[in-house]
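Structural overview
For reference, the chains in residue letters:
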Amino acid sequence: MKEMMGNEELQVWVEEISITSFGVPFLHRAMFNGRLTTTGGRYFLKGHNIEINPHQLDNYGNEEVEKIIKHELCHYHLHLRGKGWRHRDPEFKQLLQQVGGSRFCQALPGEKARKPQPYRYKLTCSQCGMEYLRKRKVDPKRFQCGKCRGSLRLTATISP
Ligand SMILES: [Zn+2]
Ligand SMILES: [Zn+2]
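Quick look at the structure, then. (Residues numbered from 1 in each chain as written. Chains lettered and ligands numbered in written order. Predicted model: local features only at pLDDT ≥ 70, side-chain atom pairs only at ≥ 80, totals over all residues. Heavy atoms only, no water.)

Focus on the overall build of the protein chain
Our working rule: Counting from the N terminus, the helices are the DSSP runs of H or I reaching at least four residues and the strands are the DSSP runs of E reaching at least two. Burial classification: accessible surface area is computed with a 1.4 Å probe over protein chains only, and a residue below 20% of its type maximum counts as buried, one above 50% as exposed, and the rest as partly exposed. We call two residues in contact when some of their heavy atoms are within 4.5 Å. Values of accessible area rely on a 1.4 Å probe in the Shrake-Rupley scheme; residue burial ignores everything except the protein chains shown.
Check the secondary structure of the protein chain and you find 4 helices and 6 strands. Scored against the burial criterion, the 160 residues of the protein chain give a buried share of 34%. Taking the intrachain contacts of the protein chain between residues at least 6 apart in sequence as the baseline, contacts between residues at least 24 apart amount to 47%. Of the accessible surface of the protein chain, which amounts to about 10600 Å², a share of 51% is contributed by carbon and sulfur atoms.

See below:
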């Protein structure tokens, strides 16, 4: 039987990983947030706390959650040191690789299989009638027809 882990245990765990993998103490709060659905964890730029998705623990176990904690700690330590803490920053990528953190804030099972969004909007050229399908609402004034450069008109293809 799997034991439930509480916020206190998570806090101790994160502090441990911070010292052993980063050599720097974690001085803020780590907590579970059951409302996180699409990400394994997140780091708060304001307040510097870390939240971990408890469903990750149920689905993937300690090993995977440790990688997520490392990922969030990369954001944490780099941000506090004024270095590149974003996913695209070389410093982030390098540190992540060094400590063996999860590559992404990993999606939960079922998330990946999400249905592709339908095309809800259509841009129609007022001159040649060419149609362009769009998933999101766009401002037709910002675009022109790729064929004839005519002006476009936006209409909804599916009623919400
Ligand atoms: Zn991240
Ligand atoms: Zn056109």
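From this point, things continue past the structure.
A word on the environment of G34
Checked against the element boundaries, G34 lands in the loop between β1 (30–32) and β2 (41–43). Residues G34 and I52 lie 18 residues apart in sequence; the distance between their C-alpha atoms is 8.3 Å. Residues within four places of G34 in sequence aside, it is in contact with P54 and H55.

A few points about the nonpolar core
For clarity, the threshold we go by: As used here, the term nonpolar core means buried Ala, Val, Leu, Ile, Met, Phe, Trp, Tyr and Cys residues forming a set that is joined through side-chain atoms within 4.5 Å.
Grouped together as the largest cluster of nonpolar side chains are 24 residues, with contacts concentrated most on L10, I52, I69 and L73. Looking at this core, the elements that each hand over two or more residues are α1 (7–22), β1, β3 (50–52), α3 (62–80) and α4 (90–99). With 7 residues, α3 is the largest single contributor of residues to this core. Excluding residues that lie within four positions of it along the chain, L10 makes contacts with M5, A30, M31, F32, I52 and I69. Counting residues in hydrophobic clusters, the runner-up holds 5 residues, among them L123, C125, C145 and L152.

Here's the deal with α3
Every α-helix winds through 3.6 residues per turn, so residues three or four apart in the chain are directed the same way. Put simply, the rule reads: By this rule the span expected of a helix is its residue count minus one, scaled by 1.5 Å.
Spanning 19 residues, α3 covers 26 Å between terminal C-alpha atoms, matching the ideal 27 Å at 1.5 Å per step. G82 sits one or two positions beyond α3 and adopts a positive phi of about 70°.

Some thoughts on the packing of α3 against α4
Test applied: Interaxial angle, 0 to 180 degrees, is taken between N-to-C directions of lines fitted to C-alpha atoms, where a helix line uses only the stretch in contact. Each angle receives one of four descriptions, namely roughly parallel if under 35 degrees, roughly antiparallel if over 145, roughly perpendicular if within 65 to 115, and oblique otherwise. Rotating anticlockwise by less than a right angle from the far helix to the near helix defines a left-handed crossing, while the corresponding clockwise rotation defines a right-handed one.
Two elements in contact, α3 and α4, have axes separated by 10 Å at closest approach and are oriented at 135°. Classed by the angle they form, the pair α3 and α4 counts as oblique. As for how α3 packs across α4, the hand of that crossing is right-handed. Residues K70, H71, C74, H75 and L78 of α3 lie in contact with α4, whose contacting residues are E91, F92, L95, L96 and V99.

Here's the deal with the sheet that holds strand β6 (residues 152–156)
We count it as follows: Two strands qualify as a pair provided DSSP detects at least 2 bridges between them.
Reading across from one edge, β5-β4-β6 is the order of the 3 strands in this open sheet, with antiparallel pairing throughout. The open sheet has two edge strands, β5 (131–134) and β6, and neither has a second partner. On average, each strand axis in the sheet is tilted by 25° relative to the strand beside it, whichever way the strands run. One ladder, built from 5 bridges, connects strand β4 (residues 121–125) with β6; its direction is antiparallel. Among the inter-strand pairings, C125 is bridged to a residue of β6, identified as L152.

Considering the pairing of β4
Most of β4 is tucked away: 4 of the 5 residues are buried. When β4 meets β5, the two strands line up antiparallel, connected through 4 bridges. Residue pairing across strands places K122 opposite L133, the latter belonging to β5.

By themselves, these are just geometric observations and shouldn't be taken as functional.
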